[in-house]
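So the chains spell out like this:
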Amino acid sequence: MVALELRGDNLAGDRRHLGRALSMWLLALLMVVSLLSLGHGASGLSVPSVLADWAAGRELAVTDRVILIDIRLPRVLTGILVGAGLAVSGAIMQGLFRNPLADPGLLGVSSGASLGAISAIVLGGMLPAAIAGWYLVPLAAFAGGWAAMLLLYAIATRQGRTSVATMLLAGIALAAMIGAVGGLIVYRADDQQLRDLTFWGLGSLAGASWTKLIVAGPVIAAALIVAPALSSGLNGLALGEAAAAHVGIRVQRVKTAAILATAAATGAAVAISGGIGFVGIVVPHLLRLLAGPDHRWLLVNSGLLGASVLLVADMISRSVVAPAELPIGIITAMIGGPFFLWVLMSNRRMLDG
Amino acid sequence: MSLCARDLSLRLRRRLILNRVAMTAPPGALTAIIGPNASGKTTLLRALTGEIAPDHGQVALNGRDLAALSPGMLAAKRAVLPQHSVISFPFTASEIVRIGLTASAHPEARRNVLIRSALAAVDLPDFAGRLYQEMSGGEQQRVQLARALAQVWRPTGDDGPNWLLLDEPVSSLDIAHQLTVMRLARDYASRGGGVVAVMHDLNLTAMFADHVVLMRNGQVQGEGAPAEVLTDALLSKAYGCNLAVSRTPAEGIWLLPQMASV
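Residues numbered from 1 in each chain as written. Chains lettered and ligands numbered in written order. Predicted model: local features only at pLDDT ≥ 70, side-chain atom pairs only at ≥ 80, totals over all residues.

- As recorded by an unreviewed UniProt entry, chain B carries the name Iron complex transport system ATP-binding protein and is attributed to Paracoccus isoporae.
- Annotation of chain B in UniProt includes, under Function (unreviewed entry), the sentence "Part of the ABC transporter complex HmuTUV involved in hemin import. Responsible for energy coupling to the transport system." (UniProt positions renumbered as here; feature names shortened; annotations may be inferred.)

- Looking up chain A in an unreviewed UniProt entry gives the name Iron complex transport system permease protein, with the organism given as Paracoccus isoporae.
- Regarding chain A, the relevant UniProt record gives this comment under Sequence similarities (unreviewed entry): "Belongs to the binding-protein-dependent transport system permease family. FecCD subfamily."
- Annotation of chain A in UniProt includes, under Subcellular location (unreviewed entry), the sentence "Cell membrane".

### Structural notes on the overall build of chain A
Then step 1. In terms of helices and strands, chain A carries 15 helices and two strands.
Then step 2. Taking 20 Å as the expected radius of gyration for a compact globule of 353 residues, we find that chain A reaches 21 Å, a close match to that expectation.
Then step 3. C-alpha atoms of chain A, sized along the principal axes, occupy 60 × 55 × 35 Å.
Then step 4. Going through the 353 residues of chain A one by one, you find that 48% of them count as buried. (Helix = DSSP H or I, 4+ residues; strand = E, 2+ residues; numbered from the N terminus. Rg over C-alpha atoms; globule rule 2.2 N^0.38 Å. Buried ≥ 20, exposed ≤ 12 C-beta atoms within 10 Å, placed from the backbone.)

### What about the interface of chain A and chain B?
Then step 1. Facing the 31 residues of chain A at the interface are 32 residues of chain B.
Then step 2. Taken together, the elements giving at least two residues each to the side of chain A that touches chain B come down to α9 (231-237) and α10 (241-246) of chain A.
Then step 3. Sort the elements by how many residues they give to the side of chain A that touches chain B and α10 of chain A lands first, with four residues.
Then step 4. Here the residues of the side of chain A that touches chain B are counted per class, giving 13 nonpolar, eleven polar and seven charged. (Contact = placed C-beta atoms within 7 Å. Nonpolar A, V, L, I, M, F, W, Y, C, P; charged D, E, K, R; others polar.)

### Structural notes on helix α14 (residues 328-346) of chain A
All names here are of chain A.
Then step 1. A rise of 1.5 Å per residue sets the reference length of α14, with its 19 residues, at 27 Å; its end C-alpha atoms lie 27 Å apart and thus fit the reference within 8%.
Then step 2. Along its length, α14 shows its largest kink, about 25°, at Gly336, and proline Pro338 lies within four residues downstream of that point.
Then step 3. The inward-facing, buried residues of α14 contact α7 (191-202), α12 (279-291) and α13 (295-319). (Expected span 1.5 Å × (residues − 1). Bend = angle between axes of the 7 residues up to and from the residue.)

### Quick notes on the packing of α12 of chain A against α13 of chain A
Residues and elements named next belong to chain A.
Then step 1. Contact geometry of α12 with α13 gives a least axis separation of 9 Å together with a crossing angle of 125°. Taken as axis vectors, α12 and α13 run oblique relative to one another. In terms of crossing hand, the pair formed by α12 and α13 is right-handed. Touching Val279, Val283, Pro284, Leu287, Arg288 and Ala291 of α12 are Trp297, Leu298, Asn301, Ser302, Leu305, Gly306, Val309 and Leu310, all from α13. (Axes fitted to C-alpha atoms, helices over the stretch in contact; angles between N-to-C directions. Parallel < 35°, antiparallel > 145°, perpendicular 65-115°, else oblique. Left-handed = near helix turned anticlockwise from the far one by under 90°.)

### Points about the confidence of the model for chain A
Then step 1. Mean pLDDT over chain A stands at 85; residues scoring 70 or higher make up 91%.
Then step 2. Long-range and interchain partners of residues 1-9 of chain A, a stretch whose pLDDT sits below 50, account for 14 contacts in this model, where long-range means more than four residues apart. (pLDDT = per-residue confidence, 0-100.)

### Details of the pairing of strand β4 (residues 56-61) of chain B
Residue and element names in this part refer to chain B.
Then step 1. Bridging between strand β1 (residues 3-12) and β4 involves five bridges; their strand directions are antiparallel. Paired with Leu3 across the two strands is Leu61, which belongs to β4.
Then step 2. Linking two consecutive strands that pair antiparallel, namely β4 and strand β5 (residues 64-65), is a turn of two residues; a positive phi of about 50° is found at Asn62 within it. (Pairing = 2+ DSSP bridges.)

### Section: unusual backbone geometry
All names here are of chain B.
Then step 1. Of note, Ala38 is a non-glycine position whose phi angle comes to about 60°, a positive value.
Then step 2. Its location among the elements puts Ala38 in the loop between β3 (30-34) and α1 (41-49).
Then step 3. A positive phi is found at Asn217, a non-glycine position, where the angle reads about 50°.
Then step 4. Classification of Asn217 as partly exposed rests on a count of 14 C-beta atoms within 10 Å.

### Topic: the UniProt feature "domain: ABC transporter" (unreviewed entry) in chain B
Then step 1. Following the UniProt record, the feature "domain: ABC transporter" (unreviewed entry) maps to residues 3-242 of chain B here.
Then step 2. Split by type, residues 3-242 of chain B is 36% helix and 27% strand. Its first and last C-alpha atoms lie 32 Å apart.

### Some points on the sheet that holds strand β10 (residues 194-198) of chain B
Residue and element names in this part refer to chain B.
Then step 1. As summarised here, the arrangement of the six strands in space is β6-β9-β10-β3-β11-β12, forming an open sheet in which the pairing is mixed. Each edge of the open sheet is held by one strand with a lone partner, namely β6 (78-81) and β12 (219-224). Pairwise comparison of adjacent strand axes, ignoring direction, gives a mean angle of 15° for this sheet.
Then step 2. In the sheet, strand β11 (residues 211-216) pairs with β12 via five bridges, with the strands oriented antiparallel. Each residue of the ladder has a partner; that of Leu214, found in β12, is Gly222.
Then step 3. On the sheet, helix α5 (residues 137-151) packs against β6 and β9 (163-167) and is oriented at approximately 175° with respect to β6.

### Describing the sheet that holds strand β2 (residues 15-25) of chain B
Residues and elements named next belong to chain B.
Then step 1. Taking strand neighbours across the sheet as the criterion, the four strands line up as β2-β1-β4-β5 in an open arrangement whose pairing is antiparallel. The open sheet has two free edges, formed respectively by β2 and β5, since each of these has just one partner strand.
Then step 2. Of the strand pairs in this sheet, β4 and β5 are connected by two bridges, and their pairing is antiparallel. Residue pairing in the sheet places Ala60 in a bridge with Asp65 of β5.
Then step 3. On top of the sheet, α1 reaches β1, β2 and β4; it is set at about 120° to β1, its chief contact.

What follows is the structure in structure tokens.
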């Protein structure tokens, strides 16, 4: 079906020009969405008026400056990094596990991170006030995510070879065990803690601040910078591990880098924004339908589209019940779910085989 | 300048699969590895590709120990066609063949020429834009062969012959395409390259192989020219049933690939 429109300039079936063109459009989209998001909020402040003021050489009012620079800008940047991080991680995991339904949750990162967050929220109250600050929950989430991932990696690696199949199954077992431990802790939680937990699980960009961004941002950014280097390795892995090695790919190195990059990006994303589901599966899948599964552009485009999607979801979450906010996870699932179903139904053939 | 197995022993899950195997595939020749099921043919080929390391012995590619070569160096000298290939995402034929060029340093224009030539060589010239998932099993196998072929397109390099290692290259092909693929392999060998193929079909082996390695129970039962190895005695013993070479049945119909003409 898709192949019909793919008569490239010279070689049929070469869809890289589609990926390249798509990346330009997605970059433009992200810029527009970022500006809209900057101008979107409870106060009447809008980006055009600020730009007009700036062009006319007028000073910004202090309140406007605070709103724009200290509240909206970190939130927009957080949304970009988290959205890009989740979508790129999803694309990498799907390539590594050779399965379009894989996501970072399979690595135990999400369950480990949620155990960290649960522990911090429920047990944090028992700590002396000097230690328990705002950073306790994100820090515990990040540590939990990494601990779970390293444990899983150790379980699945024998004699320097990581078994992807073992990792998948052990991830499910580990998630169940972590869930049980989390349940035990939740059992002790009081009402306010339960409310915090529920909201953390639904995800939100509301807590975004420069401080959090400075800590978590570089971690996600580093993973995003490493990601494109994985593209030819992930393309090779689509043929299977043995065939990938035969075409000259250092398979174990690709696997390790993929797992570390994903754990870093997801761990940091979950730490600052809670559990935001679905971006990691829907975005890469949609892009594969549009421009093919070649990871060279898939990873870049996933980052761009993931960022835009999350910013749009955040704008919606800020508008529907304004001045209050809906957790963003509700929005991504509510829009992402039906959309994904529609894509699946209209492309059944792409799934089989 | 050949592909040699020297005293290879290999265990998989404690079972001895290869037992002191020694064989030499000469360059400029098509070497067929034959033998009954579970005789160790495919494992021998996997050891020759470097995919699995032997417990004992070594494999030498053009005189160099396989274990000492990096994946990139190996990829430049030999390409492998696996037996079954499931591909996880909807790649087009030309995208798959391009993956074969991952480790090469060819400029873009050369790559496009190689992809087109390789697809034409396996008789799929118009398939570049087709999705792998929408092809038949035989077409998929030929796309994979094109991928391997593009990887080591020139049969010889600056440092000796290049190698095509094929695991049952004609297993899911019709007779016309079996002949296409076997001619392609023989042509590669006649231009100076080395070809090693695991073969099930003894007629095609007799027709195309220059050198035959007969395996049984993880050991080499016979090695040499087809006329030396494809004998009643050796084949009957290896396959466990009475076989008669070059004799015709008294009745019934039968068909030989040797009698096909294009």
